[in-house]
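Structural overview
So the chains spell out like this:
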Amino acid sequence: MGCRGADGGKETSRASQGVDARRAGLVSGPSCSVNNNPRHIYVPGDIVVGGLFPVYLQVKTNGSTIPPQKTCIDYDVQMFLRSQVMIYAIQEINRSQMLPNVSVGYEIYDTCGDVTNAIRATLSMMEDIQGQGVEPNVTTPHVKVVIGERYSENSIAVARLLALPLVAQISYSSTSELLSRKCKFPSFLRTVSSDEHQTIAIAELVKHLAWESVGVIGSDDEFGKYGAERLIDHFNDRKLCVDFKEILSANFLLNETRTQTELAMLMSKIRNSSAEAIVIFTAELKVRIILKEVLRMGISRIWIACDTWATNKELSEMADIQKVGRVFGFIPKRNKVPGFHEYVRDSMFQSKAHNSFIHEFMCHYPPCPDSLVDESVLNCTLPDTKSQCLLKYIDEDESYYIYLAVKVIAQGLRSLLNCDNVRCKRNASFAVWELLEELKRVNFIVDNTTHIAFNEDGDPTTGYDIVEWNMSVSENRIITVGVYRPDEPIRIREHLIREFENVTVTFANCCKKCVACHPQREYTSSDMDRCLMKTIEYLGWTDAFTTVLVSFDVLGIVVSLLVAILFAVDRRTPIVKSTGGYLSFLELLSLLACFCCIIMFLGEPTKTTCMAGLPLFGMAFTVCVSCILANLLQIFVGFTFDLRVTVGETLKRLNRPIAVVTCCSAVQVAVCVLWMTYAPPFMVESSRFDEATILLECNKGSKMLFGAMLTYIALLAVVCFLFAFKGKQLPDLYKNASFVSISMMIFLVVWIVFIPVYINMSGKYQRAIEAAAILVSNYSVLCCHFAPKCYIMLFRKELNNENAITNYIRKHYEKKGMAVVGK
């Protein structure tokens, strides 16, 4: 910046003021008061535009206080200037005839790069300024559109809030591909390209320059982690070898001990790597730490920069930076902000009365002597000196994207308010979603240089320039060497292609060869240096859940057999006859088959168990429920005398137990045979949950026929429940109807609960959930339909004779005043 300290020209700075202070050579003044509340600027207008800028790059948390106190650190001069670009562009709109009788105001917050501050600032902007309340007004927020945030992770949090009232959000730097998902972020737009195109462009560069192996460094945040994963996908698609992958922890910047440990491990990987190029896909603060360590250790490589640091002057102008090797990078379209240099030099500091950000800047960097100019000519107490110092910090990327965002808003407002060069025909009272729709439709050329329009994902249609750091000169270090546009072949300067065409890059581990892992049986190790066998996973017999299910299943089988024996011994007694007589044995047999089916859901799935399990259960349980229905029909017809003639005759004709069971079961058999013939369940091997695991599971085949099978059983259960509910008022000594209604209710509730649980559960326990649902269904019949009868047979034998039944029926009808004829 030209401002130097009084110690004979040696540049001075305070470490806590960040990298830009060091590069500036500005003498930082006394410690500025930095509290927990976001610093902000507010200038009213007919329409207010919000802004979110991390003027301080990060926060430091003091865990010794309760609650923990956050302090903003790493003041960044470039971000200060970028916030002023928004103010300058809005002032330019107000001075022009773009919106003749409408004034545009602004409310700008410093988020300190912290997601909590970004959320707090967004909630403040969503308040209704008329109401003076603290509750966000989701229908009429006083801020109609928001520019920001810078970091993808913060923009995602802000976008979730702004999606509720559909306030348009235009980011100037957030490139995460996640933000293109309109189902989650319907009001998000951006003037910078998405990472989807950037990751493809990086992969294409590696391929065209004939580099066969690469290393990937990301970070544990929305931008770095997701970007690194997409990079590896694109490298694999192009048969390029990923030699190693490293994801930096979220505390890489804040925890000194852990940072040093991670850094040492990373340097070891880089030094021992055979990668011909290394991609660093993370924020510039983390890159600075990495490159400093690379310089200290004397490591030289080819580096590929993402757009967050590809043009960072503090990095490209580090001392001895040429020793790190060659650096290529990707940046969206760049341009100068028209007139901004003059604004900073001539008038920016004159508006400091209404600009708290300028006061903050002056607090950190008060006027200082400049050894490069004649002090008699240039009075250092005037702000002009500082303006001259600031000019070298004006960038041509993020500043320009902020400028574009303001131009887009102005164009959208001009269209929404129906403005000409004289006046706007509509007033400034409009719903925020109306402006959002207008912004989505903008399509124009800014200052005769840049065409701006958004696609259906809210992304601009521009691509990337490919740049290289020119280490041989002191100025113009970053030069353009190629271009990438979506849906077009990558274009790289011929001399670069020739240069790398026949070059064999040799490093310490140069003999390492990449071998493709078997996609079904193997996966790549975390160090990308070998293939590992995938673990086969299924619900094994030793699993605790399996043990519980098998225990209850065996118990059910044993109890069913004992009940069958007891019923066979007392087959001529009234209670067995009231349960359906011979039908009760068919019911027990089908119930026994249902218990046996559960074994097919446990252990290692096979083609046979997958195909047979559910259809066999469906057919067996249908027979069981059909027997119950036939029994209920017998009771209902036998004791109901007040039915209409037509209904009574119809029920009597239907009272053919074998016919009822056969017809009801035949429908289910037809459904299951059709299912097993045309689209049966089958076994699949899946790695969709974990690349290191093969999950053996059963696919349902036809989901429609599976649903039909369950629906048909549910329909029979509902009919049984209705008959049982109606039959509870009949003279039934053994309470068949009451217990059946409970049984069918349990079945229906279990399967209603099963469906959402099954859909939302993944992994090996899906089969266990099916088995558990079948087990509960079986026990509902066993306990409610058979257990009460067994109790009477064993412990209340006096009720198991015809005299007891006759006396109970007589008393039932005598209570109703009906005469009963005795034998």
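Just above sits the structure.
As the structure is a prediction and not an experimental result, all values here were calculated from the model. (Residues numbered from 1 in each chain as written. Predicted model: local features only at pLDDT ≥ 70, side-chain atom pairs only at ≥ 80, totals over all residues. Heavy atoms only, no water.)

1. Considerations on the overall build of the protein
What counts, and what does not: Helix and strand assignments follow DSSP, with helices taken as H or I runs no shorter than four residues and strands as E runs no shorter than two, numbered in order from the N terminus. We call a residue buried when its accessible area falls under 20% of the maximum for its residue type, exposed when it is over 50%, and partly exposed in between, using a 1.4 Å probe and counting protein chains only. In what follows, a contact means two residues having at least one pair of non-hydrogen atoms within 4.5 Å. To measure how exposed things are, a 1.4 Å probe is used in the Shrake-Rupley method; for residues, cover is taken only from the protein chains shown.
Regarding its fold elements, the protein presents 25 helices and 23 strands. Of all 823 residues assigned to the protein, the portion counted as buried reaches 53%. Of the contacts made within the protein by residues no fewer than 6 positions apart, 71% connect residues no fewer than 24 positions apart. Carbon and sulfur atoms make up 57% of the accessible area of the protein, which amounts to about 37100 Å² in all.

2. Focus: the nonpolar core
Applied cut-off: By nonpolar core we mean a set of buried residues, namely Ala, Val, Leu, Ile, Met, Phe, Trp, Tyr and Cys, connected to one another through side-chain atoms within 4.5 Å.
In terms of nonpolar packing, the biggest core is built from 75 residues, with Phe80, Leu81, Met86, Val344, Met348 and Leu390 touching the most fellow members. With sequence-adjacent residues up to four places away left out, Met348 is seen in contact with Phe80, Leu81, Gln84, Tyr343, Ile358 and Leu390. Counting residues in each nonpolar core, the second largest holds 67 residues, with Phe621, Ala630, Leu632 and Cys720 among its members.

3. Brief notes about the state of the cysteines
One way to say it: the disulfide is the covalent bond shared by the sulfur atoms of two cysteines. Threshold: For the purposes of this analysis, a disulfide is any pair of cysteine sulfur atoms at a distance within 2.5 Å.
Summed over all chains, the structure comprises three disulfides. Each sulfur of the disulfide joining Cys72 and Cys112 lies 2.0 Å from the other. Every disulfide takes its handedness from the sign of the S-S torsion; for Cys72 and Cys112 that torsion is 90°, giving right-handed. Separated by 40 residues along the polypeptide, Cys72 in strand S4 (residues 69–75) and Cys112 in the loop between strand S5 (104–110) and helix H3 (115–126) bring together distant segments of the chain.

4. Examining the pairing of strand S23 (residues 693–699)
The criterion, for reference: By the convention used here, strands pair only if DSSP detects at least 2 bridges between them.
Taking burial as the measure, the seven residues of S23 include six buried ones, the bulk of the element. Relative to S23, strand S21 (residues 535–537) runs parallel, the two sharing three bridges. Within S23, the residue paired with Glu537 across the bridge is Leu695. Where strand S22 (residues 682–686) meets S23, five bridges bridge the pair, whose relative direction is antiparallel. What sits directly across from Glu685, in S23, is Leu696.

5. Here's the deal with the sheet that holds strand S11 (residues 277–280)
Heads up, the condition is: Lines fitted to C-alpha atoms define the axes, with helix axes restricted to the stretch in contact, and inter-axis angles between N-to-C directions lie between 0 and 180 degrees.
The eight strands lie next to each other as S10-S9-S11-S12-S13-S16-S17-S18, forming an open sheet whose pairing is mixed. At either margin of the open sheet sits one strand with a lone partner, and together these are strand S10 (241–248) and strand S18 (491–492). Bridge count between strand S9 (residues 213–219) and S11: four bridges; the pairing is parallel. In the sheet register, Ile217 faces S11, and the bridge partner there is Ile280. Sheet strands touched by helix H7 (residues 256–271): S9, S10, S11 and strand S12 (301–305). Its angle to S10, the strand with the most contacts, is close to 170°. Sheet strands touched by helix H15 (residues 494–501): S12, strand S13 (325–332), strand S16 (464–469), strand S17 (478–484) and S18. Its angle to S13, the strand with the most contacts, is close to 140°.

6. Thoughts on the environment of Tyr765
Inspection of the secondary structure puts Tyr765 in helix H24 (residues 765–795). With relative accessibility at 29%, the residue Tyr765 sits in the partly exposed group. Along the sequence, Tyr765 and Thr546 sit 219 residues apart, while their C-alpha atoms lie 9.6 Å from each other.

7. Remarks on the pattern of salt bridges
Applicable threshold: Each salt bridge in this description consists of a side-chain nitrogen of Lys or Arg and a carboxyl oxygen of Asp or Glu lying within 4 Å of one another.
In this structure the tally under the stated criterion is 28 salt bridges. Linking Glu284 and Arg150 is a salt bridge whose minimum nitrogen-to-oxygen distance equals 3.1 Å. On the criterion of sequence distance, the pair formed by Glu284 in helix H8 (residues 284–297) and Arg150 in the loop between strand S6 (143–147) and helix H4 (152–162) is long-range, its members being 134 residues apart. Glu284 gets classed as buried once you look at its relative accessible area, which sits at 7%. One salt bridge in this structure joins Asp420 and Lys425, with 3.4 Å as the shortest N-O distance.

8. Quick word on the packing of aromatic side chains
Counted only if it meets this: Aromatic rings from Phe, Tyr and Trp, taking only the six-membered ring of Trp, are treated as a pair when their centres fall within 6.5 Å; an angle between ring planes under 30 degrees marks them as stacked, one over 60 as edge-to-face, and anything in between as tilted.
Tallied over the entire structure, the rule returns 22 aromatic pairs. On the basis of an interplanar angle of 75° and a centroid distance of 5.2 Å, the ring pair of Tyr56 and Tyr75 is categorised as edge-to-face. One end of the pair, Tyr56, is in strand S3 (residues 56–62); the other, Tyr75, is in strand S4, and 19 residues separate them in sequence. Across the pair, Tyr75 and Tyr56 agree in class, each one buried.

9. Focus on the packing of helix H13 (residues 398–416) against helix H14 (residues 432–440)
Let me state the cut-off plainly: An angle counts as roughly parallel when it lies under 35 degrees, as roughly antiparallel when it exceeds 145, as roughly perpendicular when it falls between 65 and 115, and as oblique in every other case. Put simply, a crossing is left-handed when the front helix is turned counterclockwise from the back one by less than a right angle, and right-handed when it is turned clockwise.
Remark: H13 packs on H14, axes separated minimally by 9 Å, with the N-to-C direction vectors making an angle of 115°. Considering their axes alone, H13 and H14 lie roughly perpendicular with respect to each other. Here the hand of the crossing between H13 and H14 comes out right-handed. Of H14, the residues touching H13 (which contributes Val408, Ile409, Gly412, Leu413, Ser415 and Leu416) are Glu434, Leu435, Glu438 and Leu439.

10. Examining the pairing of S17
Sheet topology note: the S16/S17 ladder contains six bridges and is antiparallel. By the bridge assignment for S17, Tyr464 is matched with Tyr484. As paired strands, S17 and S18 are joined by two bridges and run antiparallel to one another. Following the sheet pairing, Val483 is matched in S18 by Arg491. Joining the antiparallel neighbours S17 and S18 is a turn of six residues, in which Asp487 adopts a positive phi near 70°.

11. Regarding the sheet that holds strand S8 (residues 188–190)
Taken in spatial order, the six strands make up an open sheet running S1-S5-S2-S6-S7-S8, and their pairing is mixed. Each end of this open sheet is capped by a strand with a single partner; those strands are strand S1 (40–43) and S8. Across the sheet, the mean angle separating the axes of adjacent strands is 20° when strand polarity is ignored. Relative to S8, strand S7 (residues 168–171) runs parallel, the two sharing three bridges. Following the sheet pairing, Ile170 is matched in S8 by Leu189. Against the sheet, H13 touches strand S2 (47–53), S6 and S7, its axis set at about 155° to S6.

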